[in-house]
Amino acid sequence: MRYNLTGRIDTANAPKVDEQIQTAIAQSRESVTELILDCADLEYISSTGLRIVLKYKKLFPNLEIVNVSNDVYSVFEMTGFARIMTVKKAMRKVDLSLCKLLAQGGNGAVYRVSEEEIIKVQHLADTEQMMLDEMRRAKAAFVLGVPTAISFDIVDCGEGRRGAIYEALNSDTLGRHIHAHPETIQQMAVKYAELLKTIHTTEADETEFGRVKDTYREGFAAGAQYFTPEEQKVCQEMLDMIPERNTLVHADAHTNNILLGGDGELMFIDMADTALGNPVFDYSGIGLAMICNQSSEERCQGVCGMVPAEVNQFLAVALAYRFGLQDPEEIKAVMGRMFHLALLKFAMIIGHNSMAVNQMRPVLLGLLRERLFPCIDQVKADIQWFIDRL
């Protein structure tokens, strides 16, 4: 049951508030086993009021205090109540119509809130727990030495959507910076390759991050209804051929998921899918985002921050640096192999319940049946090329 606390609770009115809560519980149509005290309209609570809260904590061990203002939260914190029960601050509200859109992807978008802040917003509602998990993983990766922009707050963006706020003074996404300053492509591509190498050589604890292969297995299971048994077998064969690693992958490391700080440092954002696994999975995601979204300049710029010509020049430099390549034809061939890697991720997301996948599913299935399943030997050879070099 949810009960709204309002106004001020002090010595004078605390007994009446207690009586009102008891009456609401007694008059409930169903047996009350859990209690949530909503403090959205609570302005002040005294020590007498806190004793009432403690009384209901004893009656309802899973008691939650939610939508608490900063002033009231400080009371719960100073008295130690925030350590013995669940106390959640009220979410700050952000009107996205007043923010500048920086990037648009299949699952979310990035906006600038102010000169000091950007916000990463998920398209789907009810993603708060996912964002809390992302914050946890980002902090854990940061401690391990991975350059990571850590979100410091989750905000309400309306219609059930949540956003993660990042401090971004004098910062921009890497893709947008390159589009505005194309003369920096060479420099930024090398930094990008080094950033990927850093995360791909960082060992981590499986219990903290999980494994990217498990994410792919879950994805294949969710999409099984769209594939024939033979197609499902091919997907599993591709997954099985990729060796496990105890190092990190970002899982969506395109150029609009990387911030360029005012000091010139590159930092990952959107660490929701970061897990242990082979770097092959990152190059699969990069191929999907940066090679497979070049059907139009608008779409490419929305996802990557750059137009296709800039993306291709950037990737050519980054891949040449990472794999020690010089021949332009060889670099072009590697980008073709990345397209085949991207098909692996397309197969994994086919069952996702996201706005982008739901709209594009027939097209994606057609692509897989034209470019993946009939060419599986070549796709496997291209996957093996990356395995051997990463």
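Please refer to the structure higher up on the page.
In this report, the structure presented in the accompanying data block is examined.

About the criteria used
Residues numbered from 1 in each chain as written. Predicted model: local features only at pLDDT ≥ 70, side-chain atom pairs only at ≥ 80, totals over all residues. Heavy atoms only, no water. Helix = DSSP H or I, 4+ residues; strand = E, 2+ residues; numbered from the N terminus. Polar contact = N/O pair within 3.5 Å; in protein donor to acceptor, adjacent residues only side chain to side chain. Contact = heavy atoms within 4.5 Å. Buried < 20%, exposed > 50% of the residue type's maximum accessible area, 1.4 Å probe, protein only. Arc of directions from axis to C-beta. Phe/Tyr/Trp six-rings, centres within 6.5 Å; stacked < 30°, edge-to-face > 60°. Salt bridge = Lys/Arg side-chain N within 4 Å of Asp/Glu carboxyl O. Axes fitted to C-alpha atoms, helices over the stretch in contact; angles between N-to-C directions. Parallel < 35°, antiparallel > 145°, perpendicular 65-115°, else oblique. Left-handed = near helix turned anticlockwise from the far one by under 90°. Nonpolar A, V, L, I, M, F, W, Y, C, P; charged D, E, K, R; others polar. Pairing = 2+ DSSP bridges. 1 Å grid on protein atoms, 1.4 Å probe; cavity = no way out; pocket = protein on both sides within 12 Å on 5 of 7 lines; lining within 4 Å. Points joined across faces, edges and corners; volume = space filled by probe spheres on them. Disulfide = S-S within 2.5 Å.

**Re the side chain of N256**
Topologically, N256 is positioned in the loop between β11 (248–249) and β12 (258–260). At a separation of 3.2 Å, a polar atom in the side chain of N256 contacts the main-chain carbonyl oxygen of V303. Sequence-distant contacts of N256, defined by excluding residues within four places in its chain, comprise L102, A103, V110, T173, G175, R176, I269, Q301, G302, V303, C304 and G305.

**As for helix α9 (residues 212–222)**
Within α9, the full set of buried residues consists of V212, K213, Y216, G219 and F220. The buried residues of α9 occupy an angular sector of 120° when projected down its axis, which confines them to one face. Opposite the packed face of α9, turned more than 90 degrees from it, sit the exposed residues E218 and A221. Buried residues along α9 sit against α10 (229–240), β11, β14 (275–276), α11 (280–291) and α14 (328–349).

**Concerning the packing of aromatic side chains**
Per the stated rule, a full pass over the model turns up 10 aromatic pairs. On the basis of an interplanar angle of 55° and a centroid distance of 5.8 Å, the ring pair of Y283 and F323 is categorised as tilted. In this pair, Y283 is assigned in helix α11 and F323 in helix α13 (residues 308–323), connecting sequence segments 40 residues apart. In this structure Y283 comes out as buried when scored by relative accessible area, which is 3%.

**Comments concerning the environment of M188**
You can see M188 is positioned in helix α7 (residues 185–200). Overall, the relative accessible area of 5% leaves M188 in the buried class. M188 sits 72 residues away from L260 along the chain, and the two C-alpha atoms are 9.4 Å apart. If we skip the residues at most four places from it in the chain, M188 touches L174, H177, I178, L260, L266 and F314.

**Describing the pattern of salt bridges**
Tallying each qualifying case throughout the model produces 15 salt bridges. In this structure, E64 and K88 form a salt bridge, with 3.7 Å as the shortest nitrogen-oxygen distance. On the criterion of sequence distance, the pair formed by E64 in strand β3 (residues 64–68) and K88 in strand β4 (residues 86–89) is long-range, its members being 24 residues apart. Residue classification places K88 among the partly exposed residues on the basis of a relative accessible area of 39%. Across the pair E117 and R92 runs a salt bridge whose closest N-O atoms are separated by 2.8 Å. A residue pair is termed long-range when its members are at least 10 positions apart, and E117 in strand β7 (residues 117–122) and R92 in the loop between β4 and β5 (100–104) qualify at 25 residues. Take R92: its relative accessible area is 32%, and that puts it in the partly exposed class.

**Details of the packing of α14 against helix α15 (residues 355–371)**
Relative to each other, α14 and α15 sit at 130°, their axes nearing to 10 Å. Judged by the angle between their axes, α14 and α15 are oblique. Of the two possible hands of crossing, α14 and α15 adopt the one that is left-handed. Across the interface between the two elements, F339, H340, L343, F346, A347 and I349 of α14 pack against V357, L364, L367, L368 and R371 of α15. Each residue belonging to the contact of α14 with α15 can be placed in one class, and the counts come to 9 nonpolar, 1 polar and 1 charged.

**Looking at the sheet that holds strand β10 (residues 172–173)**
Within a sheet, each strand pairs with its neighbour through backbone hydrogen bonds, oriented either parallel or antiparallel. The 3 strands lie next to each other as β10-β12-β13, forming an open sheet whose pairing is antiparallel. Only two strands of the sheet have a single neighbouring strand rather than two, namely β10 and β13 (266–268). In terms of strand pairing, β12 meets β13 through 3 bridges, oriented antiparallel. When the sheet's bridge partners are listed, I258 is paired in β13 with F268. Strands β12 and β13 of the sheet are contacted by α7, whose axis makes an angle of about 45° with β13.

**Observations concerning the layout of surface pockets**
By volume, the second largest pocket is sized at about 610 Å³. Around the second largest pocket, the lining comprises 23 residues; the ones closest to its centre are K88, K89, A90, M91 and E128. If you list the elements that add at least two residues to the lining of the second largest pocket, you get β3, β4, α5 (128–143) and β8 (153–156). Considered class by class, the residues forming the lining of the second largest pocket number 9 nonpolar, 4 polar and 10 charged.

**Some details on the state of the cysteines**
The final tally for this structure, using the stated rule, is 0 disulfides. Cysteine C300 shares no disulfide, and the gap to the nearest cysteine sulfur, in C304, comes to 4.5 Å. Here C300 falls in the buried class, since its relative accessible area comes to 0%. A disulfide-free cysteine, C375 has its sulfur positioned 14 Å from the sulfur of C235, the nearest such atom.

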